[in-house]
Amino acid sequence: MITIDAQPYAFRFDPESTAIVSIDMQRDFIEPGGFGATLGNDIRHVAAIVPKVASLLAWGRALGLTIVHTREAHLPDLSDCPPAKRLRGNPKIRIGDPGPMGRLLVRGEPGNQIVPQVAPLPGELVVDKPGKGAFYATTLGAMLEAQGIKRLIVCGVTTEVCVQTTLREANDRGYECLLVEDAAASYFPHFHTQTLEMLRSQGGIVCWTAPLSTLLPVTLELETRS
């Protein structure tokens, strides 16, 4: 078992039964012209974590962790997108409408692809999800069970929406989870901070949290021992 200095106390994991889940690091949320930007959000806050997520993925690959990538993605006919979701906030441009990178949040469109710096490598798991949580209406649970996964190390966007929803679902399913604080982000920095406080409150009611800097030395320690 490997021990990570985390809040509210140390997080322990076995690489063989641990997965990194990188949530929705897709162009539609991170790049200009994507869905996030069309809603009037400042994408600089989420774009800033791309190097951190890349470092986390490299760390996980070096340790042999299972790597999972998710995308919020709807079928082209939008049959898996409830009207209440598509119409929320009465936006000028809605899910499925054409944008600078193709139809917004639709499978196969350019904007729905994960940004190149953190793109999946061959053999890594990719989950297209129609909801905020990564377990809802997907095969993620079955995938993790098949891999013998018991713990999740989570990153991605946005902290208070898709990341938090996935962590709460994972907690209900019995997974022990660690959220990497600076490899997750919100369009609203105060939402990010408040969500971290909620998730790790009451003795880690939902999950542990830790900055990336506490994880990266683990690979070096293991190399030194070998």
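Preceding this paragraph is the structure being described.
Summarised in this report is the structure supplied together with it. (Residues numbered from 1 in each chain as written. Predicted model: local features only at pLDDT ≥ 70, side-chain atom pairs only at ≥ 80, totals over all residues. Heavy atoms only, no water.)

1. Section: the side chain of Lys 129
Mapped onto the elements of the fold, Lys 129 is located in strand β7 (residues 125-129). A polar contact is formed between the side chain of Lys 129 and the side chain of Asp 24, at a distance of 2.8 Å. Discounting chain neighbours no more than four positions away, the residues touching Lys 129 are Ile 23, Asp 24, Thr 70, Arg 71, Glu 72, Ala 73, Ala 134, Thr 138 and Cys 162. (Helix = DSSP H or I, 4+ residues; strand = E, 2+ residues; numbered from the N terminus. Polar contact = N/O pair within 3.5 Å; in protein donor to acceptor, adjacent residues only side chain to side chain. Contact = heavy atoms within 4.5 Å.)

2. Looking at the pairing of strand β8 (residues 151-157)
In terms of burial, β8 is largely enclosed, as seven of its seven residues are buried. Because side chains alternate across β8, one face comprises the buried residues Arg 151, Ile 153, Cys 155 and Val 157, and the other comprises Leu 152, Val 154 and Gly 156, equally buried. Across six bridges, β8 lies against strand β9 (residues 176-185) in parallel orientation. Bridge pairing links Leu 152 to Cys 177 in β9. Since β8 and β9 lie parallel, the crossover through helix α7 (residues 159-172) that links them has a hand, and here it is right-handed. (Buried < 20%, exposed > 50% of the residue type's maximum accessible area, 1.4 Å probe, protein only. Pairing = 2+ DSSP bridges. Right-handed = clockwise from strand over helix to strand, strands pointing away.)

3. Structural notes on the nonpolar core
Judged by nonpolar contacts, the single largest core of 43 residues is most densely connected at Met 25, Leu 56, Trp 59, Ile 153 and Leu 215. Secondary structure elements with two or more residues in this core: β1 (2-4), β2 (11-13), α1 (27-30), α4 (50-63), β8, β9 and β10 (208-210). If you tally residues by element for this core, the top one is α4, at six residues. Discounting residues that sit within four places of it in the chain, Leu 56 has contacts with Ile 20, Ile 153, Cys 155, Val 180, Ala 183, Leu 212 and Leu 215. (Core = buried A, V, L, I, M, F, W, Y, C linked by side-chain atoms within 4.5 Å.)

4. Considerations on the environment of Ile 30
Note on placement: Ile 30 falls in helix α1. Distance from Ile 30 to Ile 114, taken between C-alpha atoms, is 9.3 Å for residues 84 residues apart in sequence.

5. Quick look at the packing of aromatic side chains
In total, this model carries six aromatic pairs according to the counting rule given. When the ring of Tyr 9 is compared with that of Trp 208, the centres are 5.4 Å apart and the planes differ by 75°; the resulting orientation is edge-to-face. Note that Tyr 9 is positioned in the loop between β1 and β2 and Trp 208 in strand β10, a separation of 199 residues in sequence. Clustering of aromatic rings is evident, with ring pairs tying together Tyr 9, Phe 11, Phe 13, Trp 59 and Trp 208. (Phe/Tyr/Trp six-rings, centres within 6.5 Å; stacked < 30°, edge-to-face > 60°.)

6. Quick look at unusual backbone geometry
Peptide bonds are mostly trans, and most non-glycine residues show a negative phi. A cis amide bond links Gln 7 with the next residue in sequence, Pro 8, at an omega value of 5°. Mapping Pro 8 onto the fold places it in the loop between β1 and β2. At the junction of Val 157 and Thr 158, the peptide bond is cis and its omega measures out at -20° in the coordinates. Assignment of secondary structure puts Thr 158 in the loop between β8 and α7. Within the chain, Asp 24 stands out as a residue other than glycine whose phi angle is a positive 55°. Inspection of the secondary structure puts Asp 24 in the loop between β3 (18-23) and α1.

None of this, on its own, says anything about what the molecule does.
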